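Architecture and fold: a report
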Amino acid sequence: MPATPLIAYAHVGKSFDNGRVVAVDDVSLDVAEGEFLAVVGGSGSGKTTLLRLANRLIEADRGQIAVEGEDVSRVDPILLRRRIGYVFQSGGLFPHLTVAGNIGITPRLLGWPQAEISARVDELLDLVRLDRAQHRDRLPHELSGGQRQRVGVARALAAKPRIVLMDEPFGALDPLTRDALGDDYRTLHRELGLTTVMITHDMTEALLLADRVAVMRGGRLLALGSAAELARNTDGYVGELLRTPRRQAERLGALLPRDGTA
Ligand SMILES: Nc1ncnc2c1ncn2[C@@H]1O[C@H](COP(=O)(O)OP(=O)(O)O)[C@@H](O)[C@H]1O
Ligand SMILES: [Mg+2]
């Protein structure tokens, strides 16, 4: 692993309701430059809180978080958020702004000249494989779920961040769309040299897309590793999470002929 991680959590904790709810509990975790990390875990396990602590949408109570080597508590949170891409679960698009308006929002806030923003929007539409002429001026409600998520990804990439955080970006989509978007995003991650942290509740998706998977439970980081490393983990909950992908792989292996000709 490279010397300086792009995101480093050290003994990070966050509680809500005057300490009654411990959302994130003493988590230490390094994300290397260029890494694709998936975060899995049940509902309420602290995934979203952990992600949002990195760009200070939520402030940590304890521990330290460094992004690109800088302690985030010493960085202006607005400037921090402008240099980290963020993809929301539901797309999180501004409903009254067109596709172009949504994608260009961060460059506009950063004061880019209009012509540059416009060129960047076109470039990003190509990147996420949406036809420029057809989609540029549409409103979010005129798009399919998959198209909205593509716009969400384009918007997150607009100001050329090195880091992209994604909170269940493809969770609400049908399996085929989800698979296509996951593959497309994985390609972008590699080609643009991004560092990505993606939350998903789907262990199969996590194993297929990510370099390493972090397993959260009750606010704690229960396990962290590649697919092979997780497979060797003896924790019962980790085993339970791996059961579905294992069973799917076995069934498909038995059903599909090896040479791919049906
Ligand atoms: N703003 C908040 N106020 C109070 N409790 C919260 C808040 N945000 C999250 N929580 C609680 O913290 C825990 C972790 O939540 P979250 O990080 O959203 O989990 P996940 O994304 O894994 O579903 C849950 O018990 C949740 O109810
Ligand atoms: Mg969540």
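Residues numbered from 1 in each chain as written. Chains lettered and ligands numbered in written order. Predicted model: local features only at pLDDT ≥ 70, side-chain atom pairs only at ≥ 80, totals over all residues. Heavy atoms only, no water.

What follows is about the site of ligand 1. Residues in contact with ligand 1, as listed here, are Phe 16, Val 21, Ala 23, Gly 42, Ser 43, Gly 44, Ser 45, Gly 46, Lys 47, Thr 48 and Thr 49. When ligand 1 sits alone it has 560 Å² of accessible area, and the protein chains cover 61% of it. Contributing elements (two or more residues each) for the shell around ligand 1: strand E2 (21–31) and helix H1 (47–54). Per element, the largest residue contribution to the shell around ligand 1 is 3 residues, and it comes from H1. The residue inventory of the shell around ligand 1, partitioned by class, reads 3 nonpolar, 7 polar and 1 charged. (Near = heavy atom within 4 Å. Areas by Shrake-Rupley, 256 points an atom, 1.4 Å probe, with all protein chains shown as cover. Helix = DSSP H or I, 4+ residues; strand = E, 2+ residues; numbered from the N terminus. Nonpolar A, V, L, I, M, F, W, Y, C, P; charged D, E, K, R; others polar.)

Below, the discussion takes up the sheet that holds strand E1 (residues 7–16). Read from one edge to the other, the open sheet built from 4 strands follows the order E2-E1-E4-E5, with strand pairing classed as antiparallel. Edge positions in the open sheet fall to E2 and strand E5 (70–71), since each of these has one partner strand only. Where E1 meets strand E4 (residues 62–67), 5 bridges bridge the pair, whose relative direction is antiparallel. Bridge pairing in E4 places Ala 10 opposite Gln 64. Where H1 meets the sheet, its contacts fall on E1, E2 and E4, and the angle it forms with E1 comes to roughly 120°. (Pairing = 2+ DSSP bridges. Contact = heavy atoms within 4.5 Å. Axes fitted to C-alpha atoms, helices over the stretch in contact; angles between N-to-C directions.)

This paragraph deals with the packing of helix H7 (residues 145–157) against helix H8 (residues 175–191). Two elements in contact, H7 and H8, have axes whose closest approach is 10 Å; the angle formed by their N-to-C orientations is 15°. Comparing the axis directions of H7 and H8 gives the class roughly parallel. Here H7 and H8 pass one another in a crossing that is right-handed. Contacts from Gly 146, Gln 149, Arg 150, Val 153 and Leu 157 in H7 reach Thr 177, Ala 180, Leu 181, Asp 184, Tyr 185 and Leu 188 in H8. Its residues assigned to classes, the contact of H7 with H8 shows 6 nonpolar, 3 polar and 2 charged. (Parallel < 35°, antiparallel > 145°, perpendicular 65-115°, else oblique. Left-handed = near helix turned anticlockwise from the far one by under 90°.)

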